[in-house]
Amino acid sequence: MEFSHGSNMGNDESSSSFSTGKSAQERGLSHVPESYVIPTSHDPNLHPETAKVPVVDLSGLRHGSAQRSLVIQNIKNACHLGFFQIINHGISQSLMDGALSSAFGFFNLPTPEKMKLMSNDVHKPVRYATSIKDGIDNIQFWRVFLKHYAHPLDDWIHSWPANPPYYREKMGNYCSEVRKLGLELMGAITESLGLGSAYSSDKMNEGMQVMAVNCYPPCPNPNVALGLPPHSDYSCLTIVLQSSPGLEIMDMEEGKWGIVPKLPGALQVHVGDHLEVLSNGLYKSVVHRAILNCERTRISIASLMSLGLDEKMGTAEELVDEQHPKRYKESSFGDFLNFLSASDIGGGKAFIDTLKIIK
Ligand SMILES: O=C(O)CCC(=O)C(=O)O
Ligand SMILES: [Fe+2]
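Since the model is a prediction, treat every value here as computed from it, not as a measurement. Sequence order as written defines the numbering, with residues in each chain counted from 1. Both sets of labels track the order of writing: A upward for chains, 1 upward for ligands. In keeping with the model being predicted, local features are shown solely for residues with a pLDDT of at least 70 and side-chain atom pairs are shown and tallied solely at 80 or more, while totals for entire chains, interfaces and linings include all residues. Excluded from the side-chain calculations are hydrogens and water; all other atoms, namely the structure's heavy atoms, are used.

## Here we look at helix H2 (residues 93-107)
No. 1: Helix and strand definitions follow DSSP, with helices as H or I runs of at least four residues and strands as E runs of at least two, each counted in order from the N terminus. An expected span of 1.5 Å times one less than the residue number is assigned to each helix. The first and last C-alpha atoms of H2 sit 21 Å apart over 15 residues, in line with the 21 Å expected at 1.5 Å per residue.
No. 2: Within the sequence span of H2, burial applies to Met 96, Gly 98, Ala 99, Leu 100, Ser 102, Ala 103, Gly 105, Phe 106 and Phe 107. Burial classes follow relative accessibility: with a 1.4 Å probe on protein chains only, a residue under 20% of its type's maximum area counts as buried, one over 50% as exposed, and anything between as partly exposed.

## A closer look at the site of ligand 1
No. 1: In this text, near means that some heavy atom of the residue lies within 4 Å of the molecule or strand in question. Contacts to ligand 1 come from 13 residues, most closely from Asn 214, Tyr 216, His 288, Arg 298 and Ser 300.
No. 2: The separation between an oxygen atom of ligand 1 and a polar side-chain atom of Asn 214 is 3.0 Å.
No. 3: Ser 300 places a polar side-chain atom, nitrogen or oxygen, 2.7 Å from an oxygen atom of ligand 1.
No. 4: In isolation ligand 1 has 290 Å² of accessible area, and contact with the protein removes 100% of it.
No. 5: Gly falls in the polar group here, along with every residue not listed as nonpolar (Ala, Val, Leu, Ile, Met, Phe, Trp, Tyr, Cys, Pro) or charged (Asp, Glu, Lys, Arg). Of the residues assigned to the shell around ligand 1, the class counts are six nonpolar, five polar and two charged. Pairing of N or O atoms within 3.5 Å defines a polar contact, subject to two protein rules: one partner must be a possible hydrogen donor and the other a possible acceptor, and residues neighboring in sequence count only if both atoms are side-chain atoms. Where accessible areas are quoted, they stem from the Shrake-Rupley method and a 1.4 Å probe; at the residue level, only the protein chains shown are allowed to cover.

## A short note on the environment of Asn 221
No. 1: Among the structural elements, Asn 221 can be located in the loop between strand E7 (208-216) and strand E8 (228-233).
No. 2: Given the relative accessible area of 24%, Asn 221 is considered partly exposed.

## Here we look at the packing of helix H1 (residues 65-81) against helix H5 (residues 167-192)
No. 1: For every element, the axis is a line fit to its C-alpha atoms; helices are fit only across the contacting stretch, and the angle between N-to-C directions ranges from 0 to 180 degrees. Running from N to C, H1 and H5 point in directions that differ by 85 degrees, and their axes come no closer than 9 Å. As far as their axial angle goes, H5 and H1 are roughly perpendicular. For the pair H1 and H5, contact is made by Arg 68, Ile 72, Ile 75, Lys 76 and Cys 79 and by Leu 185, Ala 188, Ile 189, Glu 191 and Ser 192, respectively.
No. 2: The class makeup of the residues in the contact of H1 with H5 is six nonpolar, one polar and three charged. By the definition adopted for this analysis, an angle is roughly parallel if under 35 degrees, roughly antiparallel if over 145, roughly perpendicular if from 65 to 115, and oblique otherwise. Contact between two residues is taken to exist if any of their heavy atoms lie within 4.5 Å; hydrogens are not considered.

## Quick notes on the pairing of E8
No. 1: A large share of E8 lies buried, amounting to six of its six residues.
No. 2: Two strands make a pair as long as DSSP finds a minimum of two bridges between them. Of the strand pairs in this sheet, E8 and strand E13 (residues 288-290) are connected by two bridges, and their pairing is antiparallel. For His 231, the partnering residue across the bridge sits in E13 and is His 288.

## Digging into the side chain of His 288
No. 1: With respect to the helices, strands and loops of the structure, His 288 is situated in strand E13.
No. 2: Within the local environment of His 288, its side chain forms a polar contact with the side chain of His 270, the two groups lying 3.4 Å apart.
No. 3: His 288 has contacts with Pro 229, Pro 230, His 231, Ser 232, Asp 233, Leu 247, Glu 248, Ile 249, Trp 257 and His 270, leaving out every residue within four places of it along the chain.

## Examining the packing of H2 against H5
No. 1: At their nearest, the axes of H2 and H5 sit 8 Å apart, and the two run at 135 degrees to each other. By the angle between their axes, H2 is oblique relative to H5. Seen along the crossing, H2 lies across H5 with a hand that is left-handed. Across from Leu 95, Met 96, Gly 98, Ala 99, Ser 101, Ser 102, Ala 103 and Phe 106 in H2, the residues of H5 making contact are Tyr 167, Lys 170, Met 171, Asn 173, Tyr 174 and Glu 177.
No. 2: Across the contact of H2 with H5, the residue classes tally to eight nonpolar, four polar and two charged. In this scheme the handedness of a crossing depends on how the near helix is turned from the far one: anticlockwise by less than a right angle means left-handed, clockwise means right-handed.

## Brief notes about the environment of Arg 168
No. 1: Position of Arg 168 relative to the elements: it lies in helix H5.
No. 2: Along the backbone, Arg 168 and Ala 99 are 69 residues apart, and their C-alpha atoms lie at a distance of 9.4 Å.
No. 3: Among all residues touching Arg 168, those that are not within four sequence positions of it are Ile 157, His 158, Trp 160, Pro 161 and Ala 162.

As structure tokens, this is what we get:
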């Protein structure tokens with residue numbers, strides 16, 4: 001069995017989980033739900049090392065070509081690792097604060113109000129769910145989340161939470177801005193692959209933006225629980241805004257978890273599975289997880305950008321030759337959702353693994 005936010009605990013369309021290990025019961029963690037397995041090597045460490053995370057200053061992207069080339073090179077180096085922080089990204093602090101306060105406002109609502117949106121159907125464009133089973137010892141809250149599509153905004157905003165009353169406006173403003181930023185970044189990324197900045201712009205313009213609004217309330221046992229299991233995102237690109245640290249990334253070379261350091265005003269960027277596919281494995285989707293703490297609620301707002309629901313992402317032909325054969329099958333966001341709802345989450349296979357032609 002696998003540690004996962006599996007179907008009965010709120011299947012999660014942003015990600016597919018990695019890694020297996022002994023069950024919680026086998027390891028004597030009787031108060032941890034049976035279907036959660038914290039792999040032995042992945043136990044949360046309450047004093048984690050700080051991850052080495054590149055910081056990319058985006059201001060040069062909008063300046064002359066020499067400055068732009070430098071930023072593109074920094075993005076290229078960062079994408080090889082699969083994760084970076086961005087500063088001078090153009091999204092104002094007040095917009096970010098507005099998004100965070102709307103999220104806090106929503107999760108602070110009385111339960112019946114939130115339950116109106118409750119669903120475990122991963123195909124639903126707007127839903128609230130929990131990856132916590134009530135009544136299991138003290139662990140009543142682990143991670144609760146709200147997922148909603150955000151593009152085209154006018155198609156979806158009316159199905160978003162009606163409360164708190166400012167939710168739609170504040171979250172909507174943030175979503176529009178972070179989407180623009182994502183499109184700009186995607187252009188810079190395809191440029192860094194030698195494909196040109198417009199390579200995927202038409203399809204990305206028509207693409208999906210899924211918001212994963214995560215809430216991790218204080219956990220009484222943060223040493224035996226996780227907010228989100230190790231996973232990579234299916235997206236091309238995910239941009240995350242967080243209220244406080246708690247995101248960890250895996251250093252694949254060292255096989256170690258490291259916590260992403262606090263950098264006020266910065267946003268986090270994850271390379272997703274679909275970018276790994278596009279780049280023929282030059283860029284790697286980063287394995288990450290969220291740890292918990294016993295003191296304060298943590299909110300993270302992930303904006304997952306991909307091509308349209310049924311639009312297949314394939315490897316760029318320009319990156320395939322005899323020395324570099326195609327390594328991945330093509331797939332769409334819809335394929336990912338089908339994978340998730342059909343697969344036994346206990347199978348322990350990540351979506352990206354199902355796409356690999358060459359392991
Ligand atoms: O809470 C975080 O920082 C991570 C969120 C995340 O990985 C996700 O929503 O896919
Ligand atoms: Fe994620």
